Amino acid sequence: MRATDGPTTPLSMKPVARAFFARPVVEVARDLLGCVLVHETRDGRTSGMIVEAEAYIGEDDPACHAAPGPTDRNEPLYGEPGMAYVYFIYGVHWCFNAVTREEGSPSAVLVRALEPLDGLPLMQRRRPGIASDVGLTNGPGKLCKALGITGDLNRKPLQRKPLVVREGDRVSDKDVEVTPRIGITKSADWPLRYIVRANKYVSRGKVSA
DNA sequence: TCGAAGATTGTCT
DNA sequence: GACAATCTTCGAG
């Protein structure tokens, strides 16, 4: 299945090329599954395999931040594909996106969940009280906190440190599941959420008790 | 200048 | 299952 049969480490994987992001956003979202997000800070390195991603399709998508047209906030969406778009939400959480480009349309992929690989102790330090590794990164706000991602990384290229997306093992089509997006009110039924089937690190949106 | 909404999460009932 | 926390952004007046 994944990188369990070799000495593969995130550092031995090469960063994904900028051209990877200069494609239709739905293709990028699907292909990001299995890739590895690596963040290096002075505290150490944390990384995780992307197991859940959502596509936001430019100005024609009511749920996309670009829907109202260009503003100060969504300006990164109109910039170079392959950049980070990090924004603060609900006054509490950071969310990480990768900027893509679909025929000139400002679009992005929201990374919603990771399977932790490197720096587990550091992630746990950043998220005190979380005993299980599953709970560290199974949500967009959670993974940003675990990896130490903040607005400082907004508009930073994802091809070089400190924040890098590296090539991982490609997830086969039969292991990819497509569902409606989570946590939004506009065009919420559009099937633009891509997840690794049966992966326990995938978020569940509104968690039911 | 003011008010409302938001791509979430954790806690309480 | 329901709701509060907390703040940035944007549209309206």
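Enquirer: Help me understand the protein's contact with DNA strand B in this model?
Expert: Surveying the vicinity of DNA strand B reveals 18 residues, the closest of which are Y87, H93, N97, G183 and I184. Between DNA strand B and R112 there is a distance of 3.2 Å, counted from a phosphate oxygen to a side-chain nitrogen or oxygen. Residue assignment for the surface near DNA strand B shows that the elements contributing at least two residues are β4 (93-102), β5 (105-118) and α5 (140-147). In terms of residue count, α5 provides more of the surface near DNA strand B than any other element does, 3 residues in total. Along the lines of polarity and charge, the residues of the surface near DNA strand B split into 7 nonpolar, 7 polar and 4 charged.

Enquirer: Looking at this structure, I do not really get unusual backbone geometry. What am I missing?
Expert: Residues other than glycine predominantly adopt negative phi, and peptide bonds predominantly adopt the trans conformation. P162 follows K161 through a cis peptide bond whose omega is 10°. Along the chain, P162 turns up in the loop between β6 (159-160) and β7 (163-166).

Enquirer: When you look at α5 in this model, what are you seeing that I'm missing?
Expert: An α-helix turns once per 3.6 residues; consequently, residues spaced three or four apart project the same way. Most of α5 is tucked away: 6 of the 8 residues are buried. Of the surrounding elements, those touching the buried residues of α5 are β1 (36-41), β2 (44-56), β4, β5, α3 (120-126) and α4 (134-137). Where α5 ends, the next residue or the one after it, G148, has phi of about 75°, a positive value.

Criteria and cut-off values
Residues numbered from 1 in each chain as written. Chains lettered and ligands numbered in written order. Predicted model: local features only at pLDDT ≥ 70, side-chain atom pairs only at ≥ 80, totals over all residues. Heavy atoms only, no water. Near = heavy atom within 4 Å. Polar contact = N/O pair within 3.5 Å; in protein donor to acceptor, adjacent residues only side chain to side chain. Helix = DSSP H or I, 4+ residues; strand = E, 2+ residues; numbered from the N terminus. Nonpolar A, V, L, I, M, F, W, Y, C, P; charged D, E, K, R; others polar. Buried < 20%, exposed > 50% of the residue type's maximum accessible area, 1.4 Å probe, protein only. Contact = heavy atoms within 4.5 Å.

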